[in-house]
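Single-letter residue listing:
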Amino acid sequence: MSTAVPPPHSPGRYRVALVCLGNICRSPMADVVLSERVAAAGLDDRVEVVSSGTGDWHVGDPMDRRAAALLTREGYDASAHRAQQVQRSWLDDCDLLLAMDRANLRDLRALGAKAGSVVDPERVRLFRDFDPLEPGTEVPDPYYGGDAGFRDVLAMVERTSDALIDALVRVV
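These notes cover the structure that comes with them. Values in this document were obtained by computation on a predicted structure and should not be read as measured data.

Description of the packing of aromatic side chains
In step 1: Across all of its chains, the model carries one aromatic pair by this definition.
In step 2: Taking 4.8 Å as the distance between ring centres and 90 degrees as the angle between the ring planes, the aromatic pair formed by Y143 and Y144 counts as edge-to-face.
In step 3: One cation-aromatic arrangement involves R15 over W90; the distance from NZ or CZ to the ring centre is 5.1 Å.
In step 4: Taking NZ or CZ as reference, R66 lies 5.4 Å from the ring centre of Y143, over its face.

See below:
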């Protein structure tokens, strides 16, 4: 799988969606980090980052307190996040949808299949397809574990976000 990102649907605008199960741990952590990296790279006028979950049980909830506390300790602002569920329209509206694990990836593809559309595998991928150390692996769900799991996820998210910025700079 290529580490290049597909071209934007609309010139000058790029929308990246990050998707996990409940949108309270992994995808919001990635959203906060990638959004910060986008702003630092001067791309925030052209690149929008959103996150969601495939499930609906946390809709409207803030980020998991452990994830938010870690991000805050590391200098990020996690306060604005509210969980939302991915919508079918995102498959058309987003330029790149990145799932945190293979189950989330299957759910995204099934969402497209329900609507009778074929999901472009270059646009719907694993987040860690862009990880320079372990491309194509999953971001493990830290929800049922301890603080070490959240720290591991943050390290994965930070290095993968850096690689994504390198790819985004080439297309926007």
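After presenting the structure, the write-up continues.
So, the sheet that holds strand β4 (residues 124-126)
In step 1: Spatially, the four strands line up as an open sheet ordered β2-β1-β3-β4, and their pairing is parallel. The sheet terminates laterally at β2 (47-53) and β4, the two strands that pair on one side only. The average angle at which neighbouring strand axes cross in this sheet is 25 degrees, direction not considered.
In step 2: As defined by bridge partners, strand β1 (residues 14-20) adjoins strand β3 (residues 96-99) across four bridges and the pair is classed as parallel. Among the inter-strand pairings, L18 is bridged to a residue of β3, identified as L98.
In step 3: On the sheet, helix α4 (residues 102-114) packs against β1, β3 and β4 and is oriented at approximately 175 degrees with respect to β4.

Details of the packing of helix α1 (residues 26-40) against helix α5 (residues 147-169)
In step 1: Running from N to C, α1 and α5 cross one another at 40 degrees; their axes reach a closest spacing of 9 Å. Taken together, the axes of α1 and α5 are oblique relative to one another. Read as a crossing pair, α1 and α5 show a hand that is right-handed. Residues R26, M29, A30, V33, L34, R37 and V38 of α1 lie in contact with α5, whose contacting residues are F150, V153, L154, V157, E158, S161, D162, L164 and I165.
In step 2: Residues belonging to the contact of α1 with α5 are distributed by class as follows: eleven nonpolar, one polar and four charged.

Re the pairing of β1
Across a regular strand the side chains alternate sides, sitting on one face of the sheet and then on the other.
In step 1: Among the seven residues of β1, seven are classified as buried, and the element is accordingly described as predominantly covered.
In step 2: Here β1 shows a buried face lined by Y14, V16, L18 and C20 and a second buried face lined by R15, A17 and V19.
In step 3: The pairing of β1 with β2 spans seven bridges and is classified as parallel. Residue pairing across strands places C20 opposite G53, the latter belonging to β2.

Digging into the environment of E158
In step 1: One can find E158 in helix α5.
In step 2: The exposure class of E158 is partly exposed, given its relative accessible area of 23%.
In step 3: Taking the C-alpha atoms as reference, E158 lies 19 Å from R170; in sequence the two are twelve residues apart.
In step 4: In contact with E158, other than residues within four places in its own chain, are V33, R37 and Y76.

So, how was this worked out
Residues numbered from 1 in each chain as written. Predicted model: local features only at pLDDT ≥ 70, side-chain atom pairs only at ≥ 80, totals over all residues. Heavy atoms only, no water. Phe/Tyr/Trp six-rings, centres within 6.5 Å; stacked < 30°, edge-to-face > 60°. Lys NZ or Arg CZ within 6 Å of the ring centre and 35° of its normal. Pairing = 2+ DSSP bridges. Helix = DSSP H or I, 4+ residues; strand = E, 2+ residues; numbered from the N terminus. Axes fitted to C-alpha atoms, helices over the stretch in contact; angles between N-to-C directions. Contact = heavy atoms within 4.5 Å. Parallel < 35°, antiparallel > 145°, perpendicular 65-115°, else oblique. Left-handed = near helix turned anticlockwise from the far one by under 90°. Nonpolar A, V, L, I, M, F, W, Y, C, P; charged D, E, K, R; others polar. Buried < 20%, exposed > 50% of the residue type's maximum accessible area, 1.4 Å probe, protein only.

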